[in-house]
Amino acid sequence: MTKGPRTVALIMAAGSGSRAGGAVAKQYAAIGGRAMLAHAHDAFARHPAIDAVVVVVAPGAEAQTRAILGDEVTLVTGGATRRDSVACGLASVAAEYVLIHDAARPLVQAAVIDRVVAALARHDGATPVLPVADTLARDADDALGDVVPRAGLVRIQTPQGFRVDRLRAAHTAWPADEEATDDAQMVRRLGGTVALVQGDPMLEKVTHPEDFATAEARLAFETRSASGFDVHRLEAGEELWLGGVLIPHDKGLSGHSDADVALHALTDALLGTIAAGDIGTHFPPSDPKWRGADSARFLRHAADLVAERGGRIDFVDLTIICEAPKIGPHREAIRARIGDLLGLAADRVSIKATTTERLGFTGRGEGIAAQAMATVSVPRA
Ligand code: MG
């Protein structure tokens, strides 16, 4: 596929968003563990038809926005009204096409971007729309008024796409004392053609507090499972930590940190679900600061990384492989400790144990092995 005209996405995030309640402007509030603005930003940033993304923010919101989107993000400070803010963003755009999108519509499907961009080959602008399904009527002082025929009516969404020169001309020509409902109407007023393309229910605007739950429900999650495996040597004179619990035994595990083989296997399983390397990537055994460290810290770090990705841990399953000590008497303590560390109910933490019939290094009591499986749900990228 050959690349079309240079296309920039302007994400409008300069509103105060007070209707959604809460202290932070709604575009910074989380949906599925990530700021609403980040969902919208990433959808454009990874789309092959989009060459650059510019985020228009309220004065003073720059640091907050960089903290979420990273230092490389291109920011423009907006103005007093939405129209002013679009004009500020537009001034920074060097491209043939521009897509204007509201951050309050976080779940942007690639197919909608495709349709908007494709329509610009033959039109000055394009907007996604949805049909009106409900009967419409006037509110006559809290009594039912006349029905408004819905034939020929559509609901307008964003991203709206434009040929940059046409949108610039529309902004220049627009009367300073008149507020515009959206950019598409401005282009149309100037005699431009604005195509209607099929919108998407995923693009519904998040306005009120209850809309957050609806948006979360729309967010598509995928299930991921990954395994972890670890072995440590049993030696006299060491403490035996297994699954975050100190277990009385005549030997203990030796190695990097407290050598909790069970938590290490579980940490690797969690890191695996988000393809984030392994425990050695994050806590190198060569680094003296991890000597004797509580492995609970490693597990918490892996869980935090899953959470940062917007994911949640659904289930963990651990198998401890040794001849001695017997794990049975400690099973519930280990289960409770891991449940605590991961914020999981007991029925989401499975602890199993087995021997190797006196065969191999575990059978000879030279070491303990552990294998783990973690299942998580993460937002589909
Ligand atoms: Mg280890």
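Numbering of residues starts from 1 in every chain and runs along the sequence as written. Confidence filtering applies because this is a predicted model: local features only for residues at pLDDT of at least 70, side-chain atom pairs given and counted only at 80 or more, and all residues used for totals across whole chains, interfaces and linings. Think of the side-chain values as coming from all heavy atoms in the structure, minus any hydrogens and water.

(A) Spotlight on the overall build of the chain. Under the DSSP-based scheme used, a helix requires at least four consecutive residues in state H or I and a strand at least two consecutive residues in state E, with every element numbered from the N terminus. What the chain contains, in helices and strands, is twelve helices and 19 strands. Relative to the 2.2 N^0.38 estimate, which gives 21 Å for 381 residues, the radius of gyration of the chain is 28 Å and therefore markedly larger than a compact globule would have. Along the first, second and third principal axes, the C-alpha atoms of the chain reach 85 × 50 × 40 Å. For every residue, the accessible area (1.4 Å probe, protein chains only) is compared with the maximum for its type, and the residue is labelled buried under 20%, exposed over 50%, or partly exposed between those bounds. Within the chain, the proportion of its 381 residues that are buried is 48%. Radius of gyration means the value over C-alpha atoms here, while the globule rule gives 2.2 Å times the residue count to the 0.38 power.

(B) Region of interest: the pairing of strand 9 (residues 143–148). Sparse coverage of strand 9 is indicated by the burial of zero of its six residues. Here strand 8 (residues 136–140) runs beside strand 9; their pairing, made up of four bridges, is antiparallel. Bridge pairing links Asp139 to Leu144 in strand 9. Strand pairing is assigned whenever DSSP identifies at least 2 bridges connecting the two strands. Counting the residues that bridge the hairpin from strand 8 to strand 9 gives two residues, and of these Asp141 lies at a positive phi of roughly 50 degrees.

(C) The side chain of Thr273, seen in detail. Tracing the chain through its elements places Thr273 in helix 8 (residues 261–273). Residues within four places of Thr273 in sequence aside, it is in contact with Arg224, Ser225, Ala226, Val306, Ala374 and Val376. Any two residues whose heavy atoms approach within 4.5 Å are treated as being in contact.

(D) Representation of unusual backbone geometry in the model. Of the consecutive residues Thr158 and Pro159, the connecting peptide bond is found in the cis state with omega at 15 degrees. Looking at where Pro159 falls in the secondary structure, it is placed in the loop between strand 10 (154–156) and strand 11 (160–163). Residue Pro325 is reached from Ala324 by a cis peptide bond, and omega for that bond is 0 degrees. Residue placement: Pro325 occurs in the loop between strand 17 (312–321) and helix 11 (331–342). At Asp142, a residue that is not glycine, the phi angle is positive and equals roughly 70 degrees. Mapping Asp142 onto the fold places it in the loop between strand 8 and strand 9. A positive phi is found at Ser257, a non-glycine position, where the angle reads about 60 degrees.

(E) Just the sheet that holds strand 19 (residues 367–379), in detail. Across the sheet, which stays open at both edges, the five strands sit in the order 16-13-19-17-18 with mixed pairing between neighbours. In this open sheet, the two edge strands, each paired with only one partner strand, are strand 16 (251–254) and strand 18 (349–354). For this sheet, the mean angle separating the axes of adjacent strands, direction not counted, is 25 degrees. Here 13 bridges tie strand 13 (residues 221–236) to strand 19, and the two strands are oriented antiparallel to one another. Pairing of Phe229 across the sheet is with Gln371, part of strand 19. What counts as an axis is a line fitted to C-alpha atoms, over the stretch in contact for a helix, and the angles between N-to-C directions run from 0 to 180 degrees. Packed onto the sheet, helix 8 meets strand 13, strand 16, strand 17 and strand 19 and runs at close to 155 degrees relative to strand 13.

(F) Expanded view of a nonpolar patch on the surface. Together, Val154, Ile156 and Leu196 make up a nonpolar patch on the protein surface, roughly 240 Å² of accessible area in all. Checked against the element boundaries, Leu196 lands in strand 12 (residues 194–198). The exposure class of Leu196 is exposed, given its relative accessible area of 52%. Nonpolar side chains (Val, Leu, Ile, Met, Phe, Trp, Tyr) are joined into patches within 5 Å and like charges within 9 Å, using only residues with over 30% relative accessible area and no salt bridge. Working definition of accessibility: Shrake-Rupley area with a 1.4 Å probe, residue cover restricted to the visible protein chains. Only one rule defines a salt bridge in this text: a Lys or Arg side-chain nitrogen within 4 Å of an Asp or Glu carboxyl oxygen.

(G) Seen up close, helix 1 (residues 36–45). Extensive coverage of helix 1 is indicated by the burial of eight of its ten residues. For helix 1, every residue scored as buried is listed here: Met36, Leu37, Ala38, His39, Ala40, His41, Ala43 and Phe44.

(H) Quick peek at the coordination of the magnesium ion. Only Asp230 (OD), His232 (NE2) and His264 (ND1) from the protein coordinate the magnesium ion, and they sit 2.1 to 2.2 Å from it. Nitrogen, oxygen and sulfur within 2.8 Å of a metal are treated as its donors, or within 3.2 Å for sodium, potassium and calcium (Na, K, Ca); water is not counted, so a site can appear incomplete. Sequence spacing of the donor residues for the magnesium ion, all on one chain, is D-x1-H-x31-H. Highlighted residues: Asp230 in strand 13 and His264 in helix 8, separated in sequence by 34 residues. Accessibility assignment for this pair places Asp230 and His264 in one class, buried.

(I) Local environment of the domain arrangement of the chain. Segmentation of the chain into domains returns domain 1 (7–218) and domain 2 (221–379). Domain extents, as shown, originate in an automatic or database domain assignment. Here domain 1 and domain 2 have C-alpha centroids that lie 46 Å from each other. Counting residues at the interface gives four residues for domain 1, matched by six residues for domain 2. In this assembly, domain 1 packs against domain 2 so that about 250 Å² is buried in total across both faces, 59% of it on carbon and sulfur atoms. Buried area is understood as the total, over both parts, of accessible area removed when two parts are fitted together, assessed with a 1.4 Å probe. Of all residues in domain 1, the largest losses of buried area upon contact with domain 2 belong to Gly32, Gly33 and Arg34, amounting jointly to 79% of the total for that side. Definition of a polar contact: a pair of N or O atoms within 3.5 Å, with one able to donate and the other able to accept a hydrogen when the atoms are protein atoms, and with sequence-neighbouring residues admitted only if both atoms are side-chain atoms. The tally of links from domain 1 across to domain 2 stands at zero residue pairs in polar contact (both at pLDDT 80 or more). When residues are grouped by polarity, Ala, Val, Leu, Ile, Met, Phe, Trp, Tyr, Cys and Pro land in nonpolar, Asp, Glu, Lys and Arg in charged, and all others, Gly among them, in polar. Each residue belonging to the side of domain 1 that touches domain 2 can be placed in one class, and the counts come to no nonpolar, two polar and two charged.

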